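Secondary and tertiary structure notes
Chain by chain, the residues:
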Amino acid sequence: MATTTADRPDLQAAKPARRSELQAERVRAARLFLLPMLVALALVAAWPLLRTIYFSFTDTSLSNLAEGKWVGFGNYLSIRTLSSGKTIYRGVLVDPAWWNAVWNTFRFAFISVSIETVLGLLVALVLNAEFHGRALVRAAILIPWAIPTIVSAKLWAWLFNDQFGMVNDMLMSLGLIDHKIAWTADVSTAMYAVLIVDIWKTTPFMALLCLAGLQMIPRDMYEAAKIDGIHPIKVFFRVTLPLVKPALMVAVIFRLLDALRIFDLIYVLTPNSSATKTMSVISRENLIDFDKFAYGSAQSTLLFLIIAVSVVLYIWLGRVDLGGQKQ
């Protein structure tokens with residue numbers, strides 16, 4: 001008489017035990033593979049971050065990092081009352097230049113990420129369609145993103161040049177402007193110039209991430225919608241957008257992190273412009289150029305906290321599923 005698994009309780013109990021042991025081995029292997037990455041991350045990221053936070057509570061100078069004295073929150077906010085009774089407030093938290101940099105950073109991040117998300121999704125929809133030469137177009141669209149940021153900034157600096165730039169020549173030939181504009185030097189146009197360059201360069205990155213999400217959508221859903229005669233616009237809002245939303249939200253997080261810590265593009269394209277100076281740029285100025293190392297460390301610490309809080313709020317308010325657990 002044959003014996004089945006259902007007749008053997010010991011075999012039924014052995015299966016979960018083996019599965020549990022296999023899962024434990026996978027967890028151990030994963031931890032082993034992650035260990036080198038965690039060590040490298042601690043050396044190149046965690047340790048410098050902790051040192052920067054420490055320096056922000058001292059009066060350390062760039063010329064002598066070892067002899068800084070503890071000053072507490074003096075670099076963030078210090079209140080001093082003179083003998084005349086006048087109260088003087090000093091520190092990063094009451095520095096108008098710092099809050100101007102915060103405003104510039106958030107304005108740049110909001111406008112650039114919003115436009116790049118919309119344009120990236122539109123480009124991804126085009127690249128996801130079937131047409132002759134699609135592979136070549138997909139490769140060509142990534143060229144702006146592949147160009148180093150410094151090269152892009154220098155290239156566009158010449159295009160925006162008020163004397164020799166092609167942008168002014170094209171706009172004047174079209175009759176859109178009647179005089180040459182110093183795009184990167186004029187306070188009223190500097191931010192627009194930076195946004196144009198950043199959107200040109202980073203939209204392909206957003207398109208690539210959106211395209212990856214679009215390719216995960218089953219083709220059967222589109223075929224069924226076409227058979228049912230559903231309008232393409234309704235298909236986009238009812239099928240495409242909800243299914244691509246997880247990938248789109250993650251793409252926005254990546255881009256938001258880059259935008260909030262933007263440095264190289266602005267530093268090269270519009271140096272010393274109060275209209276475009278961001279948190280990263282002003283922190284670097286105090287750390288290196290002005291030899292206010294402790295003050296710059298305080299600004300760098302606030303930069304880290306602002307970015308961390310902004311991303312956490314975005315994940316919470318947007319209900320972003322980073323773990324892929326939601327169906």
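Along each chain, residues carry numbers from 1 onward, in the same order as the chain's sequence is written. For this predicted model, a pLDDT threshold of at least 70 governs which residues receive local features, and a threshold of 80 or more governs which side-chain atom pairs are given and counted, while totals over whole chains, interfaces and linings are taken from all residues. Here the side-chain values reflect all heavy atoms present in the structure, with hydrogen atoms and water set aside.

This part covers the overall build of the chain. A count of helical and extended segments in the chain gives 12 helices and two strands. Helix and strand definitions here come from DSSP, where helices need a minimum of 4 consecutive H or I residues and strands a minimum of 2 consecutive E residues; each element is numbered from the N-terminal end. For the chain, the α and β elements follow one another from N to C terminus as α-β-β-α-α-α-α-α-α-α-α-α-α-α. Note that the radius of gyration is over C-alpha atoms, with the globule rule given as 2.2 Å times the number of residues to the power 0.38. In terms of overall size, the chain is more extended than a compact globule, its C-alpha atoms giving a radius of gyration of 27 Å where 327 residues would be expected to give roughly 20 Å. Overall size of the chain, expressed as C-alpha extent along the three principal axes, is 105 × 60 × 35 Å.

What follows deals with the packing of helix α2 (residues 96–128) against helix α11 (residues 279–289). Between α2 and α11, the least distance of the axes is 8 Å, while the angle of their chain directions is 145°. Judged by residue contacts, Ala97, Trp98, Ala101, Val102 and Thr105 of α2 engage Met279, Ile282 and Ser283 from α11. Class assignment of the residues belonging to the contact of α2 with α11 gives a composition of six nonpolar, two polar and no charged. To get an axis, fit a line to the C-alpha atoms, keeping to the stretch in contact for a helix; angles then go from 0 to 180 degrees between the N-to-C directions. Any pair of residues with heavy atoms lying within 4.5 Å of one another is described as a contacting pair. For this classification, Asp, Glu, Lys and Arg are treated as charged, while Ala, Val, Leu, Ile, Met, Phe, Trp, Tyr, Cys and Pro are nonpolar and the rest, including Gly, are polar.

The next subject is the nonpolar core. The biggest cluster of nonpolar side chains holds 46 residues, and the ones touching the most others in it are Trp98, Phe108, Phe160, Trp183, Leu265 and Tyr314. For this core, the secondary structure elements donating two or more residues are α2, α5 (149–159), α6 (166–173), α7 (190–214), α9 (232–260), α10 (264–269), α11 and α12 (293–318). Beyond its immediate chain neighbours, meaning those up to four positions away, Phe108 contacts Val113, Met191, Val194, Leu195, Asp198, Ala259 and Ile262. One finds Leu121, Ala124, Leu214 and Leu248 within the second-largest nonpolar core, a separate group that totals nine residues. Among buried residues, those of type Ala, Val, Leu, Ile, Met, Phe, Trp, Tyr and Cys that are joined through side-chain atoms within 4.5 Å constitute a nonpolar core. The cut-offs for exposure are 20% and 50% of the maximum accessible area for each residue type, with area from a 1.4 Å probe on protein chains only; residues under the lower value are buried, those over the upper are exposed, and the others partly exposed.

Note: two strands are recorded as paired if DSSP finds a minimum of 2 bridges between them. Where strand β1 (residues 78–81) and strand β2 (residues 87–90) come together, four bridges link them in antiparallel fashion. Considered in β2, the bridge of Ile79 is made with Tyr89. Between β1 and the antiparallel strand that follows it, β2, lie five residues; Gly85 among them carries a positive phi value of about 95°.

Now for the confidence of the model for the chain. Any segment with low pLDDT has predicted coordinates that should not be analysed in fine detail. For every residue, the predictor assigns a confidence score, pLDDT, that lies between 0 and 100. Looking at the chain, pLDDT values average 86 and 92% of them are 70 or higher. When pLDDT is averaged over each element of the chain, α2 comes out on top at 94 and helix α1 (residues 9–55) at the bottom at 80.

Before going further, it helps to spend a moment on the packing of helix α8 (residues 219–227) against α9. Two elements in contact, α8 and α9, have axes whose closest approach is 11 Å; the angle formed by their N-to-C orientations is 175°. Overall, the two elements α8 and α9 adopt an arrangement that is roughly antiparallel. Residue-level inspection shows Met221, Tyr222 and Ala225 of α8 in contact with α9, the latter providing Val235, Val239, Thr240 and Leu243. The class makeup of the residues in the contact of α8 with α9 is six nonpolar, one polar and no charged. An angle below 35 degrees is read as roughly parallel, one above 145 as roughly antiparallel, one from 65 to 115 as roughly perpendicular, and any other as oblique.

With respect to the helices and strands, the residue Glu285 is situated in helix α11. Setting aside residues up to four positions removed in sequence, Glu285 forms contacts with Asn272, Lys277 and Phe290.

A few words on unusual backbone geometry. Its identity is not glycine, yet Asn272 carries a phi of approximately 60°, on the positive side. Relative to the assigned elements, Asn272 resides in the loop between α10 and α11. You will see that Asp291, though not glycine, has its phi angle at about 55°, which is positive. Summarising the element assignment, Asp291 is placed in the loop between α11 and α12.

Here we come to α5. If you check which residues of α5 are buried, you get Ser152, Ala153 and Trp156. Down the axis, α5 shows its buried residues gathered within 100° of arc, on one side only. The exposed set on the far side of α5, more than 90 degrees from its buried face, consists of Lys154 and Trp158. On the buried face of α5, the contacting elements are α4 (143–146), α7 and α10. Each C-beta atom gives one direction from the helix axis, and the arc is the one those directions make.

Quick look at the pattern of salt bridges now. Opposite charge on two side chains makes pairing possible when the charged atoms of those side chains draw close. Note on definitions: salt bridges are taken to be side-chain nitrogens of Lys or Arg within 4 Å of carboxyl oxygens of Asp or Glu. Across all of its chains, the model carries six salt bridges by this definition. A salt bridge links Glu130 to Arg134, with the nearest nitrogen and oxygen atoms 3.6 Å apart. Look at the salt bridges and you will find they share partners, linking Glu116, Asp198 and Arg255 into a network.

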